[in-house]
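This is what each chain is made of:
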Amino acid sequence: MSAESITDLFDKKLKVINIGLESFARNMQNEGVEVVQLEWTPPAGGDEEMASLLDMLED
Amino acid sequence: MSIAEANQEAVERIQSAEPELIGIGTVEDDLPDIEDKMILHAAPPVDWEDMCGPMRGAVIGAIIYEGWAEDQKEAEAMADSGEIKFDPCHHHQAVGPMTGVASPSMPVWIVENKAYGNRAYCTLNEGLGRVLRFGANGEEVIENLKWMEKTLAPVLDEALEKAGSIDLMNMTSQALHMGDEVHNRNKAGTSLFIREIATYLMNTDYDRETISSVLEFMRDNEHFYLNLSMPASKATMDAAHGIEESTVITAMARNGVEFGIRVSGLGDEWFTGPAQVIDGLFFPGYSQEDANRDIGDSTISETAAVGGFAMAAAPAIVGFVGGDVNDAMDFTEDMYEITLAENDNYNIPYLDFRGTPTGIDVRKVVETGIKPTINTGIAHKEPGVGQIGAGLVDPPDECFEDAVRAFVSEYKQ
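A. Fine view of the overall build of chain A. Looking only at helices and strands, one finds three helices and two strands in chain A. When the helices and strands of chain A are placed in sequence order, the string is α-β-α-β-α. By the compact-globule yardstick of 10 Å for 59 residues, chain A is too spread out, its C-alpha radius of gyration being 17 Å. Scored against the burial criterion, the 59 residues of chain A give a buried share of 7%.

B. A look at the environment of Trp48 of chain B. Residue and element names in this part refer to chain B. Along the chain, Trp48 falls in the loop between strand 2 (38-41) and helix 3 (53-66). C-alpha separation for the pair Trp48 and Thr26, spaced 22 residues apart in sequence, amounts to 23 Å. If near-sequence neighbours (up to four positions away) are discounted, Trp48 is found in contact with Ala79 and Phe86.

C. Broad picture of the confidence of the model for chain A. Here chain A averages 89 in pLDDT, while 98% of its residues score no lower than 70. When pLDDT is averaged over each element of chain A, helix 3 (residues 48-56) of chain A comes out on top at 97 and helix 1 (residues 3-11) of chain A at the bottom at 79.

D. Here's a closer look at the nonpolar core. All names here are of chain B. One finds Ala94, Trp109, Ala310 and Ala403 to be the most contacted residues of the largest nonpolar core, which totals 134 residues. The leading source of residues in this core is helix 5 (residues 139-163), at nine residues. For Ala94, the contacting residues outside a window of four places in its chain are Leu31, Leu40, Cys89, Ala102, Val108, Ala120, Tyr121 and Cys122.

E. Local environment of the interface of chain B and chain A. Residue-level contacts link 14 residues of chain B with 10 residues of chain A. Taken together, the elements giving at least two residues each to the side of chain B that touches chain A come down to helix 1 (3-15), helix 13 (362-368) and helix 14 (397-411) of chain B. Residues that form the side of chain B that touches chain A fall into these classes: six nonpolar, three polar and five charged.

F. Expanded view of the sheet that holds strand 15 (residues 387-393) of chain B. Residue and element names in this part refer to chain B. Spatially, the three strands line up as an open sheet ordered 10-15-14, and their pairing is antiparallel. In the strand order of this sheet, the two ends are held by strand 10 (279-282) and strand 14 (374-379), each with one partner. Each adjacent strand pair in this sheet contributes to an overall mean axis angle of 30 degrees, direction not counted. Bridging between strand 14 and strand 15 involves six bridges; their strand directions are antiparallel. Pairing of Gly377 across the sheet is with Ala390, part of strand 15.

G. Up close: the confidence of the model for chain B. Residue-level pLDDT values for chain B average 96, and 100% of them are 70 or greater. Reported confidence for the predicted complex is 0.90 by ipTM and 0.94 by pTM.

H. Spotlight on the packing of helix 6 (residues 168-177) of chain B against helix 7 (residues 187-202) of chain B. Residues and elements named next belong to chain B. With their axes 8 Å apart at the nearest point, helix 6 and helix 7 run at an angle of 130 degrees to one another. In terms of orientation, helix 6 and helix 7 fall into the oblique class. Considering only the axes of helix 6 and helix 7, their crossing is right-handed. Side by side, helix 6 and helix 7 meet where Met171, Thr172, Gln174 and Ala175 of the first sit next to Ala188, Gly189, Leu192 and Phe193 of the second. Considering only residue class, the contact of helix 6 with helix 7 consists of five nonpolar, three polar and no charged.

I. Seen up close, the environment of Ala304 of chain B. All names here are of chain B. If you trace the backbone, Ala304 turns up in the loop between helix 10 (300-303) and helix 11 (318-321). In this structure the C-alpha to C-alpha distance between Ala304 and Met329, which are 25 residues apart in sequence, comes to 18 Å. Residue contacts for Ala304: discarding those within four places in its chain leaves Ser233, Thr236 and Met237.

J. Representation of unusual backbone geometry in the model. Here the amide bond leading from Ala43 of chain B into Pro44 of chain B is cis, since omega sits at 0 degrees, within 30 degrees of zero. Tracing the backbone through its elements, the reader meets Pro44 of chain B in the loop between strand 2 and helix 3. We note that Ala44 of chain A has phi near 55 degrees; this positive angle belongs to a residue other than glycine. Mapped onto the elements of the fold, Ala44 of chain A is located in the loop between strand 2 (34-38) and helix 3. For Ala44 of chain A, a count of 22 C-beta atoms within 10 Å puts it in the buried group. Not every positive phi belongs to a glycine, and Asp33 of chain B is a case in point at roughly 60 degrees.

K. Spotlight on the pairing of strand 12 (residues 339-348) of chain B. Residues and elements named next belong to chain B. Pairing of strand 12 with strand 13 (residues 354-360), which is carried by five bridges, proceeds in the antiparallel orientation. Opposite Glu342, over in strand 13, you have Pro357 as the bridge partner. Linking strand 12 to strand 13, which pair antiparallel, is a turn of five residues; within it Asp352 sits at a positive phi near 60 degrees.

L. Spotlight on the sheet that holds strand 5 (residues 119-123) of chain B. All names here are of chain B. The four strands are arranged 5-4-1-6 in an open sheet whose pairing can be described as antiparallel. Bordering the open sheet on either side are strand 5 and strand 6 (166-167), each of which pairs with just one other strand. The strands touched by helix 9 (residues 226-238) within the sheet are strand 1 (19-26), strand 4 (107-113) and strand 5, with strand 5 carrying the most contacts at an inclination of about 155 degrees.

M. A look at helix 6 of chain B. All names here are of chain B. Taken together, the buried positions of helix 6 are occupied by Leu168, Met169, Met171, Thr172, Ala175 and Leu176. Considered in projection along helix 6, the buried side chains sweep an arc of 160 degrees and stay on one side of the axis. Next to the buried residues of helix 6 lie strand 1, strand 4, strand 6, helix 7, helix 9 and strand 12. Downstream of helix 6 by a residue or two, Gly179 has a phi angle that is positive, lying close to 95 degrees.

Calculation rules
Residues numbered from 1 in each chain as written. Chains lettered and ligands numbered in written order. Predicted model: local features only at pLDDT ≥ 70, side-chain atom pairs only at ≥ 80, totals over all residues. Helix = DSSP H or I, 4+ residues; strand = E, 2+ residues; numbered from the N terminus. Rg over C-alpha atoms; globule rule 2.2 N^0.38 Å. Buried ≥ 20, exposed ≤ 12 C-beta atoms within 10 Å, placed from the backbone. Contact = placed C-beta atoms within 7 Å. pLDDT = per-residue confidence, 0-100. Core = buried A, V, L, I, M, F, W, Y, C linked by C-beta atoms within 7 Å. Nonpolar A, V, L, I, M, F, W, Y, C, P; charged D, E, K, R; others polar. Pairing = 2+ DSSP bridges. Axes fitted to C-alpha atoms, helices over the stretch in contact; angles between N-to-C directions. Parallel < 35°, antiparallel > 145°, perpendicular 65-115°, else oblique. Left-handed = near helix turned anticlockwise from the far one by under 90°. Arc of directions from axis to C-beta.

Below, the structure is given as C-alpha cells:
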C-alpha cells in the first residue's frame, strides 16, 4: 500500500473488522469508529501440541 | 475410510436409530456378561476403595437388597472383602442415573434400536427424595426397590406386552416440543408415557388397587421418563460406536470421581479427567460445600443430541439449573460449533424447528475450547441425603485432549 493510499484511508470513514481481542474493538468504538467484532481464538487456545495434533486429523 | 467418511457414517447411524421400548427384564437375565455378585455403577470404572460417598451408600443398599448381607455393617465388610465385582453399566449395554448402581435382581427397561438390532438397558426410576441412586440405603429405600421388583415391573411389563412396543424417539421428539430436554426436565415425557401406557395398564389382569398404585407412582415422579430417555440415547449411540477413524464421542459419563468419554474409533477405552463440583442452584439449606462431584451416566443424553444440547427447547429449566432463558438458547447455539450435524428427529420450535446439535466431534471440542453443555442434578456428598440442587457441568479438558492424542497415535503414527 502506497503512502498516498494510506492517507486516503484516513480521509474516509473507517469500517473495521476486529479479529480476536475484543478490547481493540472497544477502544475503537470509544473513538466512534464502526467496528464488527469477530470472535476468534487460535486453535486449541494456542496450545501448540494440540494444534499440531489437530492438523494431523484434518478431514 | 477417511475421518470425514467415518464421521458421516457415525452421524447416519445416529440419525437413523429407532429406539423402542420392548419390555422389562432383569439385570441378571438380560444384560450381557453379568457375573455372580456383580454390581454395576456409573462409568468410568472405579474401585470400591475410590468410590464417592453416595456410590458407596448405593452399593451397600444393593447388597442388602440382594439379601447378600443383613445390615449396612455386614454389607460394607462384604464390599471391603473384594467378594463383589464392580463394573460400569456401560460395559453391559446399560446406563444408570447418578450412582447408576444396579444389582442382579433389579428390573430393567429393555430398549431395542430397531434399525440396528442392538439393545440398551436401564433400571426404572425410583422417584425423588431418599433413593438408592443418591446413595440412600435405609429400610424404606429397600422396601421401595422390592415393590418396584415385585409390583411395578411385572405390571408395566404386562402392559407393555399388550402395547407391543413404544417408539421412544417419537416420544422424546414430542417431549421436546412440550418444554422438556429429557435430562433434567422430564415432565412432558413422563406425562406422555403415562398417556401411552394407561389404557394397556387397565387391560392387564391386575386388580384396580395395584394398577392405581403403579399410576400414582409414575404420576408422583416427574423424572420417571429419564430412565427411558437414557437407554434410548444409549441404544442410539452404541450403534454409532466402533467405527474406525470416527472422532464422534459416543459416551460421556461420570462416577463422582472422574468424568470420562468414549470415542467411536477408539474402542472401549475411557478418557478421563477429574469430575467437577457443580456450580448451580441449591435447594434451601444446602450449598456447594455439601455437593458431591459430578456423577451419573445421564450425560448419554447430551451425547445423543438432547439434554443440555436441547436446552433451547426447555426454557423453563433455567429456574432449576440456573441462568436465564437467553442462556438456554445460547447453550444450544454454542453446541452447533462442536457437532457435525443437525438432528433429523429432534428439533426446537423456538429455533424455527432447527434440529438439535448432533454428533460431538472430539476434534472440534479441542480446537474451539467449547466443551459440551451438560445440565445435571447435584447429589449430596453424604450417602442418602439425595438431590440438593442442579446446575451445569464444566467437563475437564484432559479427557478430550487425551482422546485426540490417542487418535493420532492409533491412526496417524
